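# Notes for the structure review
The residues making up each chain are set out below.
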Amino acid sequence: MSWLKRLVAALILIIVVGIVFLLTSQKFLRSAFPVHYVPEVRTGAERYGLDPYLVLAVLRVESNYDPLALSKPGARGLMQILPETGVWIAEIKGETDFHPDDLYLPELNIDYGAWYLDYLLKMFNGDVHLVLASYNAGLGRVKRWLAEESWDGRPETVNAIPVLETRLFVRKVLTIKSLYQQIYPNLFP
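A quick note: this is a predicted structure, and the numbers were derived from the prediction, not measured.

## Considering the pattern of salt bridges
Any two side chains of opposite charge can pair, given that their charged atoms come close. In total, this model carries eight salt bridges according to the counting rule given. Linking glutamate 95 and lysine 93 is a salt bridge whose minimum nitrogen-to-oxygen distance equals 3.8 Å. Given a relative accessible area of 30%, glutamate 95 falls into the partly exposed group. In this structure, glutamate 156 engages arginine 154 in a salt bridge whose closest nitrogen and oxygen atoms are separated by 2.7 Å. Assessed through its relative accessible area of 40%, arginine 154 is described here as partly exposed. Through salt bridges that share partners, Arg47, Lys93, Glu95 and Asp111 make up one connected network.

## Observations concerning a nonpolar patch on the surface
On the surface, a nonpolar cluster with roughly 800 Å² of combined accessible area is contributed by Trp3, Leu4, Leu7, Val8, Leu11, Ile12, Ile14 and Val16. Along the chain, isoleucine 14 turns up in helix α1 (residues 3-24). Among the residues examined, isoleucine 14 registers a relative accessible area of 57% and is labelled exposed.

## Side note on the packing of aromatic side chains
Going through the model one piece at a time under the given rule, you end up with eleven aromatic pairs. On the basis of an interplanar angle of 15° and a centroid distance of 6.1 Å, the ring pair of tyrosine 116 and tyrosine 119 is categorised as stacked. Placement of the pair is tyrosine 116 and tyrosine 119 together in helix α6 (residues 106-123), with a separation of three residues, close to one helical turn. Judged by relative accessible area, which is 14%, tyrosine 116 ranks as buried. Judged by relative accessible area, tyrosine 119 falls into the partly exposed class, the value being 27%.

## What to know about the layout of surface pockets
What the largest pocket holds in volume is close to 460 Å³. As for the largest pocket, its lining consists of 18 residues, and the residues nearest its centre are Glu62, Ala75, Gln80, Tyr135 and Asn136. Listed by contribution, the elements that provide at least two residues to the lining of the largest pocket are α4 (52-63), α7 (128-137) and α9 (164-183). In the lining of the largest pocket, the residues fall into ten nonpolar, six polar and two charged.

## A word on unusual backbone geometry
Despite not being glycine, asparagine 64 has its phi angle at roughly 50°, a positive value. In this structure, asparagine 64 sits in the loop between α4 and α5 (83-93). Unlike most non-glycine residues, asparagine 125 shows phi in positive territory, near 50°. Structurally, the position occupied by asparagine 125 is in the loop between α6 and α7.

## Looking at the environment of proline 52
Counting through the fold element by element, proline 52 comes out in helix α4. Separated by 129 residues in sequence, proline 52 and glutamine 181 place their C-alpha atoms 9.8 Å apart. In this structure, proline 52 is in contact with Val41, Ala45 and Phe188, ignoring residues within four places of it in sequence.

## Here's the deal with the packing of α4 against α9
Helix packing geometry: the angle between the two helix axes and the distance between the axes. Axis separation between α4 and α9 bottoms out at 8 Å; the angle between their running directions is 125°. It follows from the interaxial angle that α4 and α9 lie oblique. Once α4 is placed against α9, the crossing between them reads as right-handed. Residues Tyr53, Leu54, Leu56, Ala57, Val58, Arg60, Val61 and Glu62 of α4 form the contact with α9, whose own contacting residues are Phe169, Lys172, Val173, Ile176, Lys177, Tyr180 and Gln181. Tallied by class, residues from the contact of α4 with α9 come to ten nonpolar, one polar and four charged.

Analysis parameters
- Residues numbered from 1 in each chain as written.
- Predicted model: local features only at pLDDT ≥ 70, side-chain atom pairs only at ≥ 80, totals over all residues.
- Heavy atoms only, no water.
- Salt bridge = Lys/Arg side-chain N within 4 Å of Asp/Glu carboxyl O.
- Buried < 20%, exposed > 50% of the residue type's maximum accessible area, 1.4 Å probe, protein only.
- Patch = residues over 30% accessible without salt bridge, like charges linked within 9 Å, V, L, I, M, F, W, Y side chains within 5 Å.
- Areas by Shrake-Rupley, 256 points an atom, 1.4 Å probe, with all protein chains shown as cover.
- Helix = DSSP H or I, 4+ residues; strand = E, 2+ residues; numbered from the N terminus.
- Phe/Tyr/Trp six-rings, centres within 6.5 Å; stacked < 30°, edge-to-face > 60°.
- 1 Å grid on protein atoms, 1.4 Å probe; cavity = no way out; pocket = protein on both sides within 12 Å on 5 of 7 lines; lining within 4 Å.
- Points joined across faces, edges and corners; volume = space filled by probe spheres on them.
- Nonpolar A, V, L, I, M, F, W, Y, C, P; charged D, E, K, R; others polar.
- Contact = heavy atoms within 4.5 Å.
- Axes fitted to C-alpha atoms, helices over the stretch in contact; angles between N-to-C directions.
- Parallel < 35°, antiparallel > 145°, perpendicular 65-115°, else oblique.
- Left-handed = near helix turned anticlockwise from the far one by under 90°.

Printed below as a string of structure tokens:
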């Protein structure tokens, strides 16, 4: 092997080792996957008996921590709650002074998002794949998919979710949740 080939091989090895080091470095991972609103997430998760990493992952995927996020369909805030869903949740919780703009308030938005995740978890007997699909696509749509057998709801058939956006949402939330658990193992003791 010529000296040039050895030099190129050594450089490639150094680059690969450097990339592996960066990808496994806690500091790098924490800068790539920051967390915000931890006290509010903790409170919402405790209030409804949820895995706080799930709440945090939904929040990250839905808004990337932007409390003023607004989607094309009109979903608002950190956990991207539609105004009509917010009104419905407020009615069930007995909150008479709710206004849809309140969904831009981080504490309220996270509380309502956590409440809704809990509602869906109870409806689907803890099946997080069905919960996340419903959170993204809507409960009625997921029930229709199940009834029409266009998706059976099983974790191993996530690739069969009829809507690409929902399929990607489910995968992304579960991936972010797993990453947060690895990067911040003691965030929610």
